[in-house]
Amino acid sequence: MPGSIINGFSKLSKQEKIAVLAGQLGDATLGNELQSYNHPVSQERFNGFSENTLANFYLPYGVAPNFLINGEIFHVPMVVEESSVVAAASAAAKFWANHGGFHAEVISTLKTGQVHFTFSGNGDLLRKHWPTLKEYLLSNARLHTSNMEKRGGGIINICLEDGTADITNYFRLNVSFKTVDSMGANFINSVLENMAESLQEYCLIHFTNQDECNVIMAILSNYTPDCIVKCWVEAPVSAFSGMDESISPYRFVEKFETAVKIAETDIYRAVTHNKGIMNGIDAVVLASGNDFRAVEAGIHAYASRSGKYKSLSKISTSNNVFLFSFEAPLNIGVVGGLTSSHPLAARTMQLLGSPDAKQLMMIVAAVGLANHFSAIRALITKGIQKGHMKMHLANILNQLNASEAEIKETKLYFAAKHVSFSGVREFLEQFRK
């Protein structure tokens, strides 16, 4: 049933908000249910993370153990609602720990911000002023950059780009940053807004009124093609002899290679193929308190950088060696934001041995490749649904309000059978009779 407009909702207390919503729903149980999801100690902290907070929405905080990454063992926290994701990561971690582990390197860590503006005057005059204007912008920005510079970061470069071929009078400043161990969104945006003000000041001083400069916006970009991590695994083809009893290791590797190549040519497959990487990446990004939405946007844009959306992963099987890799942008940090203020994000950092930003990038990439490997492995052998539905059985039983005795009997019954929602429901109906 549709609700009605609520005026001044944000100004109400939490209890008043809940009461208003309960009244529109006609459900007096709403308040007690939401109250049950409040944290007994840290609720005020959680309330501050968002706006109009009513309660907490819980997701499982699990761990995929035994990741061997660049010679070190990590037990990696993952936040995800799908149990098969953690199981798949764990299985791949175990397999690759016995075959050399995951190898990773950070290729570059540059991030980009932009000031978009229109300039209605002589573009050649603007370009002539650029060396002086650039120094003016850098000088005025030092108030915001000095602390970051002490940590080894700051502004790396500024470029003036002419966009008038696309939009009348349109120009932009492309600014490259290093933000060291922080994701850097607040830092970058503060610097860019300062630059926007300085740009307008400079134009007022040095150009006539007809050479009008209007700032449209100043904002970081979540497309970070120069903040790249690479991860790979490799093993002799013979290492896959136990992957599936129905095919040889050479046939397994051949099918695996073909699966990756399909994702390089077919966008319908490529999107789901890359989602297999994001299963692991998103789960660790969430567990560390980083911005998974920014990571998702940047990675999928990177997959389209050729003009066609393609597989992020690459494969080589020459000389009887299986080499499976991917590279992608990962704009994440280990200080600031929720990485510092969320108690479980802090625990994640502790469990990972207090990594710096580069180390966290490599850990996240390894989990992404692990999930990706497990997904393709399942697809080319037993199929994705068999393992997925086995792991999903617990969720089905919860939905059907199964008792402990019913859960035990159902798991025994389906131990060697295909799991489906209708099948579980029918079994429980017969069992209850």
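The shown structure was predicted, so the numbers you read here are calculated from the model rather than taken from an experiment. Every chain is numbered independently, its residues counted from 1 as its sequence is written. Local features in this predicted model are restricted to residues of pLDDT 70 or higher, and side-chain atom pairs are both shown and tallied only at a pLDDT of 80 or more, whereas totals for entire chains, interfaces and linings draw on every residue. Excluded from the side-chain calculations are hydrogens and water; all other atoms, namely the structure's heavy atoms, are used.

**Topic: the packing of helix α7 (residues 249–265) against helix α12 (residues 357–380)**
α12 packs onto α7 with a crossing angle of 115° between their chain directions and a minimal axis gap of 10 Å. As far as their axial angle goes, α12 and α7 are roughly perpendicular. Where α7 crosses over α12, the handedness of that crossing is right-handed. Seen from α7, the contacting residues are Phe252, Lys255, Phe256, Ala259 and Val260; seen from α12, they are Phe373, Ile376, Arg377 and Ile380. Angles run from 0 to 180 degrees between N-to-C directions of axes, and those axes are lines fitted to C-alpha atoms, restricted for helices to the stretch in contact. Only runs of H or I of at least four residues qualify as helices and only runs of E of at least two qualify as strands under DSSP, and these elements are numbered from the N terminus. Angular relationships are summarised with four words: roughly parallel below 35 degrees, roughly antiparallel beyond 145, roughly perpendicular across 65 to 115, and oblique for the angles in between. In this scheme, a crossing is called left-handed if the near helix is turned counterclockwise away from the far one by less than a right angle; it is called right-handed if the turn is clockwise. Every residue pair with non-hydrogen atoms within 4.5 Å of one another is taken to be in contact.

**Regarding the sheet that holds strand β4 (residues 111–119)**
In a beta sheet, neighbouring strands pair by backbone hydrogen bonds and run either parallel or antiparallel. Spatial strand order, β5-β6-β4-β7: 4 strands in an open sheet with antiparallel pairing. The strands lining the two open edges of the sheet, one partner per strand, are β5 (154–162) and β7 (213–220). Averaged over all adjacent pairs, the angle separating strand axes in this sheet is 20°, with direction ignored. We treat two strands as partners when DSSP finds at least two bridges between them. When β4 meets β7, the two strands line up antiparallel, connected through 7 bridges. Within β7, the position partnered with Val115 by the bridge is Ala218.

**Regarding the packing of aromatic side chains**
Whether two aromatic rings pair depends on their centres lying within 6.5 Å, for rings of Phe, Tyr and Trp, where Trp uses its six-membered ring; planes under 30 degrees apart make the pair stacked, over 60 edge-to-face, and the rest tilted. Under the definition given, this model contains 26 aromatic pairs. Pairing Phe322 with Phe373 gives two aromatic rings, centres 6.4 Å apart and planes at 75°, and the pair type is edge-to-face. Of this pair, Phe322 sits in strand β10 (residues 321–329) while Phe373 is found in helix α12, placing the two residues 51 residues apart along the sequence. In terms of burial, Phe322 and Phe373 fall into one category: buried. Exposure classes here rest on a 1.4 Å probe applied to the protein chains alone. A residue is buried below 20% of its type maximum, exposed above 50%, and partly exposed in between.

**Let's talk about the packing of helix α5 (residues 123–150) against helix α6 (residues 185–206)**
As a packed pair, α5 and α6 sit with axes 9 Å apart at the nearest point and diverge in direction by 145°. Here the hand of the crossing between α5 and α6 comes out right-handed. In contact with His129, Thr132, Leu133, Tyr136, Leu137, Asn140, Ala141, His144, Thr145 and Met148 of α5, α6 contributes Phe187, Ser190, Val191, Asn194, Met195, Ser198, Leu199, Glu201, Tyr202 and His206. Any residue that is not Ala, Val, Leu, Ile, Met, Phe, Trp, Tyr, Cys, Pro, Asp, Glu, Lys or Arg is counted as polar, Gly included; the first ten are nonpolar and the last four charged. Here the residues of the contact of α5 with α6 sort into 10 nonpolar, 9 polar and 1 charged.

**Examining the state of the cysteines**
Disulfide assignment relies on a single distance test, namely cysteine sulfur atoms paired within 2.5 Å. Enumeration over the complete set of coordinates arrives at 0 disulfides. The thiol of Cys213 is not disulfide-bonded; the next cysteine sulfur, from Cys203, is found 3.7 Å away. For Cys213, a relative accessible area of 10% corresponds to the buried category. This cysteine, Cys227, is not joined by any disulfide, and Cys231 carries the nearest cysteine sulfur, 15 Å off. Note on Cys227: relative accessible area 1%, which makes it buried.

**What about unusual backbone geometry?**
Positioned with a positive phi, Asn52 is a non-glycine residue whose angle comes to about 55°. Turning to its location among the elements, Asn52 is positioned in the loop between α3 (43–47) and β1 (61–69). Classification of Asn52 by relative accessible area gives partly exposed; the value is 30%. With phi around 65°, Asn66 is a residue other than glycine that occupies positive phi space.

**Description of the sheet that holds strand β8 (residues 227–236)**
Reading across the sheet, the 4 strands line up as β3-β8-β10-β9 and stay open at both edges, with antiparallel pairing between neighbours. Both outer strands of the open sheet, β3 (103–109) and β9 (313–316), are each paired with one neighbouring strand and no more. Neighbour to neighbour, the strand axes of the sheet diverge by 15° on average, direction disregarded. Pairing of β9 with β10, which is carried by 4 bridges, proceeds in the antiparallel orientation. If you follow Ser313 over to β10, its bridge partner there is Phe326. Relative to β8, α12 is tilted by about 50°, and along the sheet it contacts β3, β8, β9 and β10.

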